[in-house]
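Per-entry structural report
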Amino acid sequence: MSQAAGSHSHMAQAAPSSSATPEDVEPLGSTPTFCPDEPNAPSGELPPPAGTALQTAEAPMLAEPAVISSQNGVLRTTLIVAPQNVTIGTQTIQALTYNGTFVGPTLRVRPGDRIELTLENCLSETTNLHFHGMDVTPSDLGDNIFRAIDPAQSAPYVLQVPPEQPVGTYWYHDHLHGLSSPHVSAGLSGLLVVEGLQELLPPDLQKITERSIVLKDAHAIGGVIVQNGITIGQHTTRTVNGQFQPQIPIKPGETQLWRIANIGANITYMLKLDGHSFHVLAEDGHPVWEVKAFDQLLVPTGKRFDVLVQGGPAGSYKLETLAYTTGPAGNNFPQTDLATLVSAGDSQKAATLPTKFGPNDDLTPVSIGGRQTIEFSEDPTGDIFFINGRTFDHNRVDVTVKYGTIQEWTITNVSDEEHPFHIHQLDFQVMSVNGQPYNAVGLQDIVMIPKRGEVVIRMPFLSPNLEFMGKWVFHCHILNHEDFGMMAVIEVVP
């Protein structure tokens, strides 16, 4: 079907049986201490969907999501998962929320901290939690996507952030197989920041203004965000920090740090900021060893960029996502205005931006300890998705890797649409795309696999990047595709 792979009706209540808790993970939970009352479903409509003209006359100022920070080395908090009414633009709609907001609270930790989090499930469906990009244990109470937290249950998550955790922007979201796309589409996602990026900057840039640029979209009918019958190509309202076309203030010449993150379920963005460049400091939470400036950034689902932006001459500048197609079997995403950068006030002398930044972790000269070929494909209807010819089964191990090795994987895509590849628990370096060398300047955890193409990556399954063993997953990060089969289990063994 030309509207895109996975554009058939995705019924949220029909979660595959593979979402059940595996036998080797005990269900852990108790009755939630608090669940809010079920909200009344409003009847308002969202602001105009993607492709509408920018309106600045009544645009709100960009507001940061709520923040929960670690104290004395521990982040201790509760996330309540519940349907709640939220405001987008001038309308109030019903979403699924963490602690009552469309964009969940930002969790801020430092390398070496401990996260002690209670997840209270006030939904009528099962849920769980994934800490995207974090180098933490995938087992037991950690970043364990095989767990299932039933309705009216409360469950603990305990994660030890390693001292070597790269500093940058991550995120958390529902990762229950079969329900990840409906739940994230309805609102279940938020940022996770590992502090320390500004400390790598030159002294005169270490106290600059920092902004979250959280990209998230929604589609509502009758005042309720749609979960059943999700189609990737449907018209949705794009938001920044949960706001419709906000204004972002900056002074002429001022340097700001923007944490750009696509924490939606299925939408790809091609970002452009008129008259400005994005100076990339980190990609997917990993500081780069060479800072490069880009006029456009491709931001598929799950992708993050930490960038420096310097204010241009006084005036207004459009932040937009350009029209983008993922292929003849994929989706055509329209041009959409997202926000307005307003440069005003006293001019500042533009700072000299760094060209070198993080440690050089180049994997080009290393010895390879194993190789894998991974194939992404889909059925002719675009309704079922495969990795190496098989749909996801949590009871089956698809790839086994020896701890301590550096692996080289060739990921091929035999479909007529792009797929963003993501692996849990670690980062990788892109070595080539479609046979052409790729000049990587850092590691990452998401890469777009071209239609009818291939990408070669290298991954270090060794300390300090990976100080544990066990099972986790890799998958397409278009969550509709993941829910309908495009995910596989990897096991790291001694």
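My aim in this report is to walk through the structure given alongside it, one point at a time. (Residues numbered from 1 in each chain as written. Predicted model: local features only at pLDDT ≥ 70, side-chain atom pairs only at ≥ 80, totals over all residues. Heavy atoms only, no water.)

**Structural notes on the sheet that holds strand β32 (residues 446–449)**
Put simply, the rule is: Think of it this way: DSSP has to see at least two bridges between two strands before they count as a pair. We count a stretch as a helix when DSSP gives it H or I for four or more residues in a row; a strand needs E for two or more, and each element gets its number in order from the N terminus. Fitted lines through C-alpha atoms serve as axes, helices being fitted only where they are in contact, and the angles separating the N-to-C directions of these axes extend from 0 to 180 degrees.
With respect to topology, 5 strands assemble into an open sheet ordered β27-β35-β34-β29-β32, the strand pairing being mixed. Whereas interior strands pair on both sides, the edge strands pair on one side only; in this sheet they are β27 (399–402) and β32. Looking at each pair of strands side by side, their axes are set apart by 25° on average, direction ignored. By the bridge criterion, 3 bridges tie strand β29 (residues 419–423) to strand β34 (residues 470–476) in an arrangement that is antiparallel. Each bridged residue has a counterpart across the sheet, and for F421 the counterpart in β34 is C476.

**Some details on the side chain of D306**
The test is simple: Only protein chains enter the accessibility calculation, which uses a 1.4 Å probe. A residue is then buried if its area is under 20% of the maximum for its type, exposed if over 50%, and partly exposed in between. We call two N or O atoms a polar contact when they sit within 3.5 Å, provided that within protein one can donate a hydrogen and the other can accept it, with sequence-adjacent residues counted only if both atoms are side-chain atoms.
When you line up the elements, D306 lands in strand β20 (residues 304–310). Judged by relative accessible area, D306 falls into the buried class, the value being 1%. Side-chain polar atoms of D306 contact the side chain of T169, separated by 2.5 Å. There is a polar contact of 3.4 Å between the side chain of D306 and the side chain of R259.

**Thoughts on empty space enclosed by the protein**
Test applied: Note on definitions: the grid is 1 Å and covers protein atoms alone; a cavity is a set of points where a 1.4 Å probe fits but cannot get out; a pocket is an open set with protein on both sides within 12 Å along at least five of seven lines; lining residues have an atom within 4 Å of a point. Grid points are joined across faces, edges and corners, and a volume is the space filled by probe spheres set on the points. Ten residue types, Ala, Val, Leu, Ile, Met, Phe, Trp, Tyr, Cys and Pro, are classed as nonpolar, four, Asp, Glu, Lys and Arg, as charged, and the remainder, Gly among them, as polar.
Per the stated rule, a full pass over the model turns up 3 cavities of 30 Å³ or more. A volume near 120 Å³ is recorded for the largest cavity. Forming the walls of the largest cavity are 14 residues, and the residues nearest its centre are S185, D217, I230, Q234 and T236. Looking at the lining of the largest cavity residue by residue, the class counts come to 7 nonpolar, 6 polar and 1 charged.

**Quick look at the pattern of salt bridges**
Our working definition: Put simply, a salt bridge is a Lys or Arg side-chain nitrogen that is within 4 Å of an Asp or Glu carboxyl oxygen.
Applying the stated rule across the entire model yields 18 salt bridges. Linking K318 and D337 is a salt bridge whose minimum nitrogen-to-oxygen distance equals 3.6 Å. Here K318, found in strand β21 (residues 315–321), pairs with D337, found in strand β24 (residues 336–343); they are 19 residues apart in sequence, far enough to count as distant. K318 gets classed as partly exposed once you look at its relative accessible area, which sits at 25%.

**Concerning unusual backbone geometry**
With a phi angle near 55°, N99 is a residue other than glycine that sits in the positive phi range. Locating N99 in the fold gives a position in the loop between β3 (91–98) and β4 (104–109). In this structure, D284 is a non-glycine residue whose phi angle is positive, near 55°.

**Quick look at the side chain of E418**
Basically, it comes down to this: In this count, Lys and Arg are taken as positive residues and Asp and Glu as negative ones, while His and the chain termini are left out. Should any heavy atoms of two residues lie within 4.5 Å, those residues are considered in contact.
If you trace the backbone, E418 turns up in the loop between β28 (405–413) and β29. Of the side chains with opposite charge, K451 comes closest to the buried, unpaired E418, at an N-O distance of 6.0 Å. Side chain to side chain, E418 and Y324 meet in a polar contact 2.7 Å long. For E418, the residues in contact, after removing those within four places along its chain, are Y324, T325, T326, N413, M448, I449, P450, K451 and I478.

**Quick look at the sheet that holds strand β30 (residues 429–433)**
Reading across from one edge, β26-β25-β28-β33-β30-β31 is the order of the 6 strands in this open sheet, with mixed pairing throughout. Of all the strands in the sheet, just β26 (385–387) and β31 (436–437) have a single pairing partner and so form its edges.

**Brief notes about the environment of V194**
By secondary structure assignment, the location of V194 is in strand β9 (residues 189–194). For V194, a relative accessible area of 0% corresponds to the buried category. Distance from V194 to I213, taken between C-alpha atoms, is 16 Å for residues 19 residues apart in sequence. Those residues in contact with V194, other than ones at most four positions away along the chain, are V109, R110, P111, M134, Q165, P166, V167, G168 and Y170.

**Observations concerning the environment of L123**
Mapped onto the secondary structure, L123 falls in the loop between β5 (114–121) and β6 (130–132). When sequence neighbours within four positions are dropped, the list of residues in contact with L123 reads V81, A82, P83, L96, P151, A152, H183 and L188.

**Structural notes on the pairing of β4**
Among the 6 residues of β4, 6 are classified as buried, and the element is accordingly described as predominantly covered. Sheet topology places strand β1 (residues 67–69) next to β4; 3 bridges connect them, and they run parallel. Note that in β4 the partner of I68 across the bridge is L107. Bridge count between β4 and β9: 4 bridges; the pairing is parallel. Directly across from V109, in β9, lies its bridge partner V194.

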